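Inside the fold
One letter stands for each residue in the lines below.
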Amino acid sequence: AAIGAGLPLSEPMASMVCEIGGGTTEIGIFSMAETISEQSLRVAGDEFDQAIVDYLRQRFSLRIGLPTAERLKREIGAAFPLEQELTRDVSGLDIVSGVPRKTVVTSEELREAVRTPLNQILSSIKQSMEGCPPELVSDLAETGLVLSGGGSMLRGLDLLFHEQLGIPVRIAANPLTTMVRGAMICAEHLDQWRDSLDDGYAAA
């Protein structure tokens, strides 16, 4: 993902990427073509969807499926307050009466729903930064954090992370394909990256 995002991994400065996929989030800090600090956690886009399902069940006594939760996340989900909050009608099964029911859900409510998984990701990013030498952490005040993966497309995620981390945060140009693009670059320049890949397999 770092390669696909075009980060200067071989430069004598720190670069950081956070790839938020469907099932996992991967965080890495790099310098001089080496991995300085990394974190991996099984909290990502799928957990956002499940958190929305759980929230609607607890708050509205309404049972919805994961596809509906994903649609709500895509249409009105937001990690940071919006200038104009959004609303959507959502239909599901009333847990109390056992009959179908419709209610209105707001982007503010979805923001509350995904707060826990977002905080878990933020905590792991902070742990990665704490595992770096001080001189490299100071680099991140300039180079910042790049977000990639489908989970990074949640509205305002870059603003939330910037507020909580105090460093620049940007989303990769094509977040859905960043990791694939990086893998293709590695394949095209396999000799250049072979040692790093071998080290990764050995560590695994």
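Residues numbered from 1 in each chain as written. Predicted model: local features only at pLDDT ≥ 70, side-chain atom pairs only at ≥ 80, totals over all residues. Heavy atoms only, no water.

1. Some details on the overall build of the chain
Each helix and strand in the chain was counted, giving eight helices and eight strands. When each of the 204 residues of the chain is scored for burial, the buried share is 43%. Looking at the chain alone, contacts between residues at least 24 apart form 58% of all its contacts between residues at least 6 apart. Carbon and sulfur atoms form 51% of the exposed surface of the chain, whose accessible area is close to 10900 Å². Taking the 17 positively charged and 29 negatively charged side chains of the chain as two groups, their mean positions are separated by 12 Å. (Helix = DSSP H or I, 4+ residues; strand = E, 2+ residues; numbered from the N terminus. Buried < 20%, exposed > 50% of the residue type's maximum accessible area, 1.4 Å probe, protein only. Contact = heavy atoms within 4.5 Å. Areas by Shrake-Rupley, 256 points an atom, 1.4 Å probe, with all protein chains shown as cover. Lys, Arg positive; Asp, Glu negative; His and termini not counted. Charge placed at Lys NZ, Arg CZ, Asp CG, Glu CD.)

2. Here's the deal with the pattern of salt bridges
According to the stated counting rule, one finds eight salt bridges in the structure shown. Between arginine 59 and glutamate 109 there is a salt bridge whose closest N-O contact spans 3.8 Å. Of the two residues, arginine 59 is situated in helix α1 (residues 45-60) and glutamate 109 in helix α3 (residues 107-113); the sequence distance between them amounts to 50 residues. Of the residues examined, glutamate 109 reaches a relative accessible area of 13% and is grouped as buried. Residue glutamate 112 is joined to arginine 115 by a salt bridge in which the shortest nitrogen-to-oxygen separation is 2.8 Å. (Salt bridge = Lys/Arg side-chain N within 4 Å of Asp/Glu carboxyl O.)

3. Observations regarding helix α7 (residues 178-188)
Considered for burial, the residues of α7 that qualify are Thr178, Gly182 and Cys186. Within α7, the buried residues cover an arc of 75° as seen down the axis, which keeps them to one side. Facing away from the buried side of α7 by more than 90 degrees, the exposed set consists of Val180, Ala187 and Glu188. (Arc of directions from axis to C-beta.)

4. Concerning the pairing of strand β1 (residues 15-20)
Of all the six residues making up β1, six are buried; the element is thus mostly covered by neighbouring parts of the structure. Neither face of β1 is left uncovered, since the one carrying Ser15, Val17 and Glu19 and the one carrying Met16, Cys18 and Ile20 both have all their residues buried. Linking β1 to strand β2 (residues 25-31), which pair antiparallel, is a turn of four residues. Where β1 meets strand β7 (residues 145-148), four bridges bridge the pair, whose relative direction is parallel. Each bridged residue has a counterpart across the sheet, and for methionine 16 the counterpart in β7 is leucine 145. (Pairing = 2+ DSSP bridges.)

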